[in-house]
Amino acid sequence: MKDNLYIKASIKNGELYFPKKAVQTRFNKWLGSLPDDSNLEIFIGVGGDKGSNPQLARVHAMIREIAQEIGYTFIEAKMEVKRACGLCFVRDGQEYCKSFADCDKDELNLAIQSCIEIGEFNGMNLR
């Protein structure tokens, strides 16, 4: 079995910064527990904070096309896309959905993919 560790950190002043001291301690203990000559496979992903304006424009254009094709209003189609990509949740019988404007690039990519899937289901090519 592989010995894996998942952490979230950021870079500050050119150094690895951990959001909590406990995360840094866990990382240091994990690293210290590895025997000498260990071979490491390292995957590092860098995430951006905000989605781009082109992503946002594409999502809205795709939603508009879906709405026109299947007879939904723009708002109805937008809600279906938000539900499909996991931007909505229900609490105490009330549905809450995140605004596309507040989404990061990964969430907007999920929304674009959801539009493509909804389009394909309805015989549309939105690629």
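All values derive from a computational prediction rather than experimental measurement. (Residues numbered from 1 in each chain as written. Predicted model: local features only at pLDDT ≥ 70, side-chain atom pairs only at ≥ 80, totals over all residues. Heavy atoms only, no water.)

Caption draft 1: Highlighting the state of the cysteines. Taken as a whole and judged by the stated rule, the model has 1 disulfide. Here cysteine 88 is linked by a disulfide to cysteine 97, with a sulfur-sulfur distance of 2.0 Å. Residues cysteine 88 and cysteine 97 are joined by a disulfide whose S-S torsion is about 110°; by sign, that bridge is right-handed. The exposure class of cysteine 88 is buried, given its relative accessible area of 18%. The partly exposed category is assigned to cysteine 97, whose relative accessible area is 29%. Here cysteine 115 stays free of any disulfide, with the sulfur of cysteine 85 as its closest cysteine sulfur at 7.9 Å. (Disulfide = S-S within 2.5 Å. Buried < 20%, exposed > 50% of the residue type's maximum accessible area, 1.4 Å probe, protein only.)

Caption draft 2: Seen up close, the nonpolar core. Membership of the largest hydrophobic core comes to 19 residues, with the highest contact counts inside it found for Val59, Ile63, Ile66, Val81 and Phe100. Those elements that provide at least two residues to this core are helix H2 (53-70), helix H3 (74-84) and helix H4 (105-121). A total of 6 residues in this core trace back to one element, the largest contributor, which is H4. If we ignore the near neighbours within four places in the chain, the residues touching phenylalanine 100 are Leu56, Val59, His60, Ile63, Lys78, Val81, Lys82, Leu87, Leu108 and Ala111. (Core = buried A, V, L, I, M, F, W, Y, C linked by side-chain atoms within 4.5 Å. Helix = DSSP H or I, 4+ residues; strand = E, 2+ residues; numbered from the N terminus. Contact = heavy atoms within 4.5 Å.)

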